[in-house]
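# Residue-level structure breakdown
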Amino acid sequence: QVQLVESGGGLVQAGGSLRLSCAASGRTFNSYPMAWFRQAPGKEREFVAGIIWNGDNTKYADSVKGRFTISRDNARDTVYLEMNSLKPEDTGVYYCAADYARWSDSVHSTINEYEYWGQGTQVTVSS
């Protein structure tokens, strides 16, 4: 069982930066590939970025490549999302998630491949 708690969201102007954190409970956090998803009002939840269990492989949505960076600290049971050059279209609720496939070297980008989810943190980017 893994419980996930996101933090770091807020209101920021376009061009600004935020750093999201996702703290995990559970002794086996370091075995789970992790990802960030987001959901804008009236839209479906979408993949943003993912990282495998040891941090050696990452994947990003085209819309955030070059602006967002996902990382993890297994000693702290935490995954991060550094977001730079934010745009109004980045607005939404950001969720972290843990993959079903422990120890996988692949980053999955579909919702049904993730077993555990946090409650989300709101990110609002004003123009």
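Cut-off values and rules
- Residues numbered from 1 in each chain as written.
- Predicted model: local features only at pLDDT ≥ 70, side-chain atom pairs only at ≥ 80, totals over all residues.
- Heavy atoms only, no water.
- Helix = DSSP H or I, 4+ residues; strand = E, 2+ residues; numbered from the N terminus.
- Buried < 20%, exposed > 50% of the residue type's maximum accessible area, 1.4 Å probe, protein only.
- Disulfide = S-S within 2.5 Å.
- Pairing = 2+ DSSP bridges.
- Axes fitted to C-alpha atoms, helices over the stretch in contact; angles between N-to-C directions.
- Phe/Tyr/Trp six-rings, centres within 6.5 Å; stacked < 30°, edge-to-face > 60°.
- Lys NZ or Arg CZ within 6 Å of the ring centre and 35° of its normal.

## Regarding unusual backbone geometry
Even without glycine at this site, D77 takes up a positive phi of about 55 degrees. Mapping D77 onto the fold places it in the loop between strand 7 (68-73) and strand 8 (78-83). With a relative accessible area of 23%, D77 lands in the partly exposed category. With a phi angle near 50 degrees, S85 is a residue other than glycine that sits in the positive phi range.

## Points about the state of the cysteines
Taken as a whole and assessed by the stated rule, the structure comprises 1 disulfide. For C22, the disulfide goes to C96, at an S-S distance of 1.9 Å. Because the sign of the S-S torsion sets the handedness, a value of about 45 degrees for the bond joining C22 and C96 places this disulfide among the right-handed ones. Highlighted residues: C22 in strand 3 (residues 18-25) and C96 in strand 9 (residues 92-99), separated in sequence by 74 residues. Take C22 and C96: they sit in the same class, and that class is buried.

## Looking at the sheet that holds strand 1 (residues 3-7)
The 4 strands lie next to each other as 1-3-8-7, forming an open sheet whose pairing is antiparallel. If you trace the sheet from one side to the other, it starts and ends with strand 1 and strand 7, each paired once. Geometrically, the sheet is characterised by an average inter-axis angle of 15 degrees between neighbouring strands, direction not taken into account. Direction of pairing for strand 3 relative to strand 8: antiparallel, over a ladder of 6 bridges. Bridging from a neighbouring strand, R19 pairs with E82 of strand 8.

## Observations concerning the packing of aromatic side chains
Going through the model one piece at a time under the given rule, you end up with 6 aromatic pairs. Both rings, one in W53 and one in W103, keep their centres 5.0 Å apart while their planes meet at 75 degrees; by these two values the pair is edge-to-face. Here W53, found in the loop between strand 5 (46-51) and strand 6 (58-60), pairs with W103, found in the loop between strand 9 and strand 10 (114-117); they are 50 residues apart in sequence, far enough to count as distant. A network of ring pairs unites the aromatic residues F37, F47, Y114 and W117 as a single cluster. Looking at R45, its charged tip hangs above the ring of Y95, at a distance of 3.7 Å from the centre.

## Brief notes about the pairing of strand 5
Extensive coverage of strand 5 is indicated by the burial of 5 of its 6 residues. Two strands pair when backbone bridges link them, and strand 4 (residues 34-39) and strand 5 are joined in this way by 5 bridges, in the antiparallel orientation. Bridging from a neighbouring strand, M34 pairs with I51 of strand 5. Remark: 6 residues form the turn of the hairpin made by strand 4 and strand 5, two consecutive strands paired antiparallel; G42 in that turn has positive phi of roughly 75 degrees. Relative to strand 6, strand 5 is paired through 3 bridges, and the arrangement is antiparallel. Note on strand 6: the bridge partner recorded for G50 is K59.

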